[in-house]
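Each chain, letter by letter, is given below.
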Amino acid sequence: MKVQRLEVLPSLQNMFQLLSHCWSRLQAIQEPIRKVTLLVMGLDNTGKTSLITEIQRVLSCEVLPTTKPNQTELRVDQFEVSLVDLSRGQRSWGTWRNHYGDAHGIIFVLDSSNVLRMEEAKRTLGHLLAHPRISGKPLLLLANKQDKVDALLPCELIECLSLEKLVNENKSLCRIEPSSATKSLHKSQSRTILQGLRWLLHTIAINYSVLSARVQQDSLDQKAPREQEAPRRATRAHSQT
Ligand SMILES: Nc1nc2c(ncn2[C@@H]2O[C@H](COP(=O)(O)OP(=O)(O)OP(=O)(O)O)[C@@H](O)[C@H]2O)c(=O)[nH]1
Ligand SMILES: [Mg+2]
């Protein structure tokens, strides 16, 4: 009797495991692919482009073709992600703002070793989070250049930037991860970058319908003034000829 029970139990357990495995596979198949746009921002020279290259390297089989400059398309889990590289050096604030409405979330990159520019980074982040098209959207802070000896740790950066106050005022969910985009350190550092990216995507997924409706509306609002301006420009050009 005892032997029989012992034989039955493991097979029931196996069956249960098999069923739950099938169930999670089915759930993964049924989950829709979600399109997500993330703006990669920060002061110049903080490592934005290097980090995008590093993400591309780690997820090499998941990189999708794109024709848009400064944009990288990736497949991460059940998400199709557009990473938009906004370089402060090449663009003015006005050009940055044209992208705000498209964003489901923000990746803000800090040079953790540049203490002299921390106040500027704080101001920039403050302006960004207070903008009506950004406020309330989730934020991933990458405390980059952790390989440098004088780099501030994430906990020191939280203090320096008064981060808690900043994100609470603007109701943005926030996470900070240490990172280094330099090749010598990839393994542990790329793990924290991907961990942060996955947190951002899953935070967006929880509120996806609300964020997508906001993106749709903001994109229309952003286009409207340009569309109204086009016929006016054509009329002006015509009257000048
Ligand atoms: N030591 C170290 N250097 C880094 C790291 N990330 C980037 N760099 C270096 O920092 C410099 C700037 O990197 P970029 O990726 O071009 O920075 P960016 O933010 O895209 O710069 P802009 O596009 O000009 O705003 C380059 O020389 C990189 O090699 C890092 O994690 N550690
Ligand atoms: Mg760049």
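Novice: Would you mind going over the overall build of the chain with me for this structure?
Specialist: Secondary structure assignment for the chain yields eight helices and seven strands. Here the chain holds 241 residues, and 41% of them are scored as buried. Counting contacts in the chain only where the partners sit at least 6 residues apart, residues at least 24 apart contribute 76% of the total. Per element, the accessible surface of the chain, about 14300 Å² overall, is 56% carbon and sulfur.

Novice: Please explain the UniProt feature "binding site: Mg(2+)" (unreviewed entry) in the chain as it appears in this structure.
Specialist: When the UniProt feature table is mapped onto this chain, "binding site: Mg(2+)" (unreviewed entry) is found at T49 and T66. Its place among the elements puts T49 in helix α2 (residues 48–58). Secondary-structure assignment places T66 in the loop between β2 (63–64) and β3 (71–76). You can call T66 partly exposed: its relative accessible area is 34%. Apart from residues lying up to four places away in sequence, T66 is in contact with Q71, T72 and E73.

Novice: Which parts of the structure should I look at to understand the site of ligand 1?
Specialist: In the region of ligand 1, 15 residues are neighbours, and K48, T49, S50, D147 and A181 sit closest. Take T49: an N or O atom from its side chain is 2.8 Å from an oxygen atom of ligand 1. Within the side chain of N144, an N or O atom sits 3.2 Å from a nitrogen atom of ligand 1. Protein contacts shield 70% of the accessible area of ligand 1, which totals 650 Å² for the unbound molecule. When residues in the shell around ligand 1 are grouped by element, the largest group, three residues, is from α2. Here the shell around ligand 1 is built from residues that sort into one nonpolar, nine polar and five charged.

Novice: Where do I start with the environment of T46 in this structure?
Specialist: Structurally, T46 is set in the loop between β1 (34–42) and α2. Along the primary structure T46 and V109 are separated by 63 residues, whereas in three dimensions their C-alpha atoms are 6.2 Å apart. Setting aside residues no more than four positions away along its own chain, T46 makes contact with V109, L110, D111, N144 and K145.

Novice: Is there a simple way to think about the side chain of S180 in this case?
Specialist: Relative to the elements of secondary structure, S180 occurs in the loop between β7 (174–178) and α7 (186–206). Reaching out from S180, the side chain makes a polar contact with the side chain of D147 at a distance of 2.8 Å.

Rules behind the numbers
Residues numbered from 1 in each chain as written. Chains lettered and ligands numbered in written order. Predicted model: local features only at pLDDT ≥ 70, side-chain atom pairs only at ≥ 80, totals over all residues. Heavy atoms only, no water. Helix = DSSP H or I, 4+ residues; strand = E, 2+ residues; numbered from the N terminus. Buried < 20%, exposed > 50% of the residue type's maximum accessible area, 1.4 Å probe, protein only. Contact = heavy atoms within 4.5 Å. Areas by Shrake-Rupley, 256 points an atom, 1.4 Å probe, with all protein chains shown as cover. UniProt positions renumbered as here; feature names shortened; annotations may be inferred. Near = heavy atom within 4 Å. Polar contact = N/O pair within 3.5 Å; in protein donor to acceptor, adjacent residues only side chain to side chain. Nonpolar A, V, L, I, M, F, W, Y, C, P; charged D, E, K, R; others polar.

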